[in-house]
Amino acid sequence: MVLGIDASSSSLSNKNLSVLVVDDDPLIRMLHDNYLKHFGLKPHVVENGKEAVKLFQLGIYFNLILMDNEMPIMNGVEATKVLRDMGSTSMIVGVTSRGSPSEMQTFMEAGLDFCFEKPLTFDMIDFILKELNMNDDDDDDTNN
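Keep in mind that this is a model prediction, so the values were computed, not measured.

> Explain the pairing of strand S3 (residues 64-68) to me, using residue names and the numbers behind them.
Among the 5 residues that make up S3, 5 are buried, leaving the element largely enclosed by the rest of the structure. The pairing of strand S1 (residues 19-22) with S3 spans 4 bridges and is classified as parallel. If you follow Val 21 over to S3, its bridge partner there is Leu 66. Inspection of the sheet shows S3 paired to strand S4 (residues 91-96) by 5 bridges, in the parallel sense. Considered in S4, the bridge of Leu 64 is made with Met 91. Traced from S3 through helix H4 (residues 76-85) to S4, the parallel crossover comes out right-handed.

> Quick one: what's the story with the packing of helix H3 (residues 49-57) against H4, residue by residue and with numbers?
Relative orientation of the contacting elements H3 and H4 amounts to 15°, with a least axis distance of 9 Å. Judged by the angle between their axes, H3 and H4 are roughly parallel. H4 is crossed by H3, and the crossing has right-handed handedness. For the pair formed by H3 and H4, the contact residues are Gly 49, Ala 52, Val 53 and Phe 56 on the first element and Ala 79, Val 82 and Leu 83 on the second. Taken together, the residues of the contact of H3 with H4 sort by class into 6 nonpolar, 1 polar and no charged.

Conventions we followed
- The residue count restarts for each chain, going from 1 along the sequence in the order it is written.
- Two thresholds apply to this predicted model, a pLDDT of at least 70 for residue-level local features and 80 or more for giving and counting side-chain atom pairs, whereas whole-chain, interface and lining totals are computed over all residues.
- The side-chain values count all of the structure's non-hydrogen atoms but skip hydrogen atoms and water molecules.
- Burial status follows relative accessibility: with a 1.4 Å probe on protein chains alone, a residue under 20% of its type maximum counts as buried, one over 50% as exposed, and anything between as partly exposed.
- Only DSSP runs of H or I reaching four residues or more are called helices, and only runs of E reaching two or more are called strands; each is numbered from the N terminus.
- DSSP bridges decide pairing: two strands pair if at least two such bridges lie between them.
- Viewed with both strands pointing away, a crossover whose connecting path from the first strand over the helix to the second turns clockwise is right-handed.
- Each axis is a line fitted through C-alpha atoms, and for a helix only the stretch in contact is used; angles between axes span 0 to 180 degrees, taken between their N-to-C directions.
- Note that the term roughly parallel is reserved for angles under 35 degrees, roughly antiparallel for angles over 145, roughly perpendicular for angles of 65 to 115, and oblique for everything else.
- The handedness criterion is simple: a crossing whose near helix is rotated anticlockwise from the far helix by less than a right angle is left-handed, and one whose near helix is rotated clockwise is right-handed.
- Working rule for contacts: check all heavy atoms of both residues, and any pair within 4.5 Å makes them a contact.
- Classes in brief: Ala, Val, Leu, Ile, Met, Phe, Trp, Tyr, Cys and Pro nonpolar; Asp, Glu, Lys and Arg charged; the others, Gly included, polar.

Put into structure tokens, the structure is as follows:
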């Protein structure tokens, strides 16, 4: 149920997560930014893949990257490949307005963890954050 989600229950575990929203559409950036803030997050927002890569080159780490596919300058497939080639271990979730299986497959093969049609919903973001928190818990267990 989208309207009934109680984000406060997961906001404590989300508090320390860093999130990057990469999308050229100002409406989608604003929507995803607001949804993530509802979950207690403070996302950083950029307009294209090149800006995302630049942040990584500067040493800025994000636990989660929401990556649009179709953007000017550097699209999501290119940016995801570059980030993975540079050693990024962030969870990268593709968001695309074109949900054809072949395009989503190409995007996934670039190094995504998940891919969804946009815009993301509260349910989708809740799922992503639960997966991310579960992966972080698994990493903590293996590092102890």
